[in-house]
Amino acid sequence: MTDAVAQLIEEAKQRLDPRAVITDPKEIEPWATDWRGRVRGATSAMLAPSSTEEVAEIVKLAAAYRVPLVPQGGNTGMSAGATPPSDGSAILLSMRRMNAIRSISAGDRLAVAEGGVILETLHQAAHEIGMRFPLTLGARGSCTVGGLTSTNAGGTQVLKFGTMRSLVAGVEAVLPDGSVHNGLSGLKKDNRGYSIDQLLIGAEGTLGVVTAVALRLVPAVTARAVAWAGIESPARALDLLRFLEARTHSVEGFELVPQDSLKLVLKHIPNTRPPLSGEYAWHVLIEATSAEGGANIAGELEALLGKALEQGIIGDAVIASNEAQAEAFWKIRDSISEAERAEGQTLAHDISVAVADMPRFIVEASEKVERAFPGVIASGFGHLGDGNIHFHVRAASHAAPDWYDSEGAQITRFVDDLVTEAGGSISAEHGIGQLKRAEFARLAEPGRVHALRAIKQALDPLGIMNPGKLVP
């Protein structure tokens, strides 16, 4: 522990609620490692403010002592963006005690939630007033509003509602000098220059600490249908999506799942079972919804899938007969990453290319990776409809303690080159964090890197906000 860190901790104990200063190593340890367990950090303290005012006090102390802060929500990120450096030079800033929903209104279709509000809690609050917040993902029981905003998270409903950037109406944040930016008014028109809100969305805590967010709500679903279809290829999956989109506006979730991923879930995740009796090379999970009373979404989706079957687009399909079965289908999709982690070492590439190009990319990139690195297993799953696939490579027989840093680094470089050649992005929804920072620096256009560095320097000249993340 440096003298500056020690002095900051002592002063924080004097200024803040005693519960806001945590120095017990056992209490800190679970939060000093990223979700996948790939990056282990170290810190002497974790500060846990309960108000925007306390966050501002902490940031002012950090600026005075030149001690970096690493903001953290639910610690569910996939790029180690909320993990402190291993040298103990930074302090964790946990936002989990700032967990109040300050207001929620069906009339305004807005909710104002603090940064530590868990996504599932927000879902429930919206449901209670006949509304919903239309973003969900597998970590909804632990991820937080601040983290989702700071990473511009996506999830399974981007096809219809967009990423967090589309759903955020305003941001409250503490900036690196300790001042508070309040953008929570929810104004539809505000032309006073640069959008500070938009700068903070997706900034991964490098420009400030998100303390509260105004979020757009939509009417609650009155009818829902969830289906599982077996198909022969990703190309056929896209054919199915276009077939459905031409005939209905109800589809809001469309997830591609390879047979390999399904098998892993069935192997490692309790209480899961295959949705179809036959085996297919690929599968699609479809969710269709309506907010209109009396809508027969299940009947509509069943009829459309029947026609798709007649036309040879799909090999088989089943409609969930009740909510329990619908959730069982989604559990399979949401558990893929957990199942991969249980199976062994996995390189997770969160990529995007043009939707029309994605089916071919998945197949060709998988073949190229497995040919270049014999013995590994490559596959893609996820949000085909918005061009975002999680392209994962498993070590399989190559598993070794140094695999991530040796062959794994070569594989990631290989995959990222394929994505760049296809005109895509190496980070679609998970952010850059620290795991993708070197590759981002290698592949990004000079103009983009220059702009990011200039913005970072202008707003955080002391470099105290989440150093070593995002900005090359």
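Preceding this section is the structure that the text describes.
Quick caveat: nothing in here was measured; it's all calculated off a predicted structure. (Residues numbered from 1 in each chain as written. Predicted model: local features only at pLDDT ≥ 70, side-chain atom pairs only at ≥ 80, totals over all residues. Heavy atoms only, no water.)

Undergrad: Got a minute to help me understand the overall build of the chain in this structure?
TA: For the chain, the helix and strand inventory stands at 17 helices and 18 strands. Projected onto the principal axes, the alpha-carbon positions of the chain cover approximately 70 × 55 × 45 Å. A fraction of 73% describes how many contacts in the chain between residues 6 or more apart in sequence connect residues 24 or more apart. Total accessible area computed for the chain in this model is approximately 19900 Å², and 50% of it derives from carbon and sulfur atoms. (Helix = DSSP H or I, 4+ residues; strand = E, 2+ residues; numbered from the N terminus. Contact = heavy atoms within 4.5 Å. Areas by Shrake-Rupley, 256 points an atom, 1.4 Å probe, with all protein chains shown as cover.)

Undergrad: Honestly, helix α15 (residues 407–421) in this entry has me stumped. Any pointers?
TA: In an α-helix, one full turn covers 3.6 residues, which means residues spaced three or four apart are oriented alike. Given a rise of 1.5 Å per residue, 15 residues ought to cover 21 Å, and the 21 Å separating the end C-alpha atoms of α15 matches this to within 8%. Each element contacted by the buried residues of α15 is listed here: β16 (346–352), α14 (358–372), β18 (388–394) and α16 (437–443). Backbone geometry just downstream of α15 places Gly423 in the positive-phi region, at approximately 75°. (Expected span 1.5 Å × (residues − 1).)

Undergrad: Before we go on, may I ask you to explain empty space enclosed by the protein in this structure?
TA: It is the rolling of a water-molecule-sized probe over the atoms that shows where space remains empty. The tally for this structure, following the rule as stated, stands at 1 cavity of 30 Å³ or more. As for the largest cavity, its lining consists of Gly155, Thr156, Leu159, Phe254, Glu255, His383, Gly385 and Asp386. Among the residues forming the lining of the largest cavity, the class breakdown is 2 nonpolar, 4 polar and 2 charged. (1 Å grid on protein atoms, 1.4 Å probe; cavity = no way out; pocket = protein on both sides within 12 Å on 5 of 7 lines; lining within 4 Å. Points joined across faces, edges and corners; volume = space filled by probe spheres on them. Nonpolar A, V, L, I, M, F, W, Y, C, P; charged D, E, K, R; others polar.)

Undergrad: Looking at this structure, I do not really get the side chain of Lys456. What am I missing?
TA: For Lys456, the position within the fold is in helix α17 (residues 446–459). Given a relative accessible area of 13%, Lys456 falls into the buried group. Within the structure, the side chain of Lys456 is placed 2.8 Å from the backbone oxygen of Met465, a separation counted as a polar contact. Discounting residues that sit within four places of it in the chain, Lys456 has contacts with Thr206, Leu207, Pro461, Met465 and Val471. (Buried < 20%, exposed > 50% of the residue type's maximum accessible area, 1.4 Å probe, protein only. Polar contact = N/O pair within 3.5 Å; in protein donor to acceptor, adjacent residues only side chain to side chain.)

Undergrad: It is not clear to me how the sheet that holds strand β3 (residues 69–72) should be interpreted in this structure. Could you clarify?
TA: As a general point, the strands of a sheet are linked pairwise by backbone hydrogen bonds and lie either parallel or antiparallel. With respect to topology, 4 strands assemble into an open sheet ordered β1-β2-β4-β3, the strand pairing being mixed. Each of the sheet's edge strands pairs with one partner strand only, and the pair in question is β1 (21–22) and β3. Pairing geometry for strand β2 (residues 46–47) and strand β4 (residues 91–94), over 2 bridges, is parallel. Bridge assignment links Met46 to a residue of β4, and that residue is Leu92. (Pairing = 2+ DSSP bridges.)

Undergrad: Would you explain the environment of Ile269 in this entry?
TA: Mapping Ile269 onto the fold places it in the loop between α10 (259–268) and β14 (282–290). Judged by its relative accessible area of 7%, Ile269 falls in the buried class. Between the alpha carbons of Ile269 and Ala339 there is a distance of 6.5 Å; along the sequence they are 70 residues apart.

Undergrad: Explain the pairing of strand β17 (residues 377–383) here, please?
TA: Within a regular strand, the side chains alternate between the two sheet faces. With respect to burial, β17 is a largely interior element, 6 of its 7 residues being buried. When β17 meets β18, the two strands line up antiparallel, connected through 7 bridges. In the sheet register, Gly382 faces β18, and the bridge partner there is Ile389. Counting the residues in the hairpin turn of β17 and β18 gives 4 residues, including Gly387, whose phi is positive at 75°.

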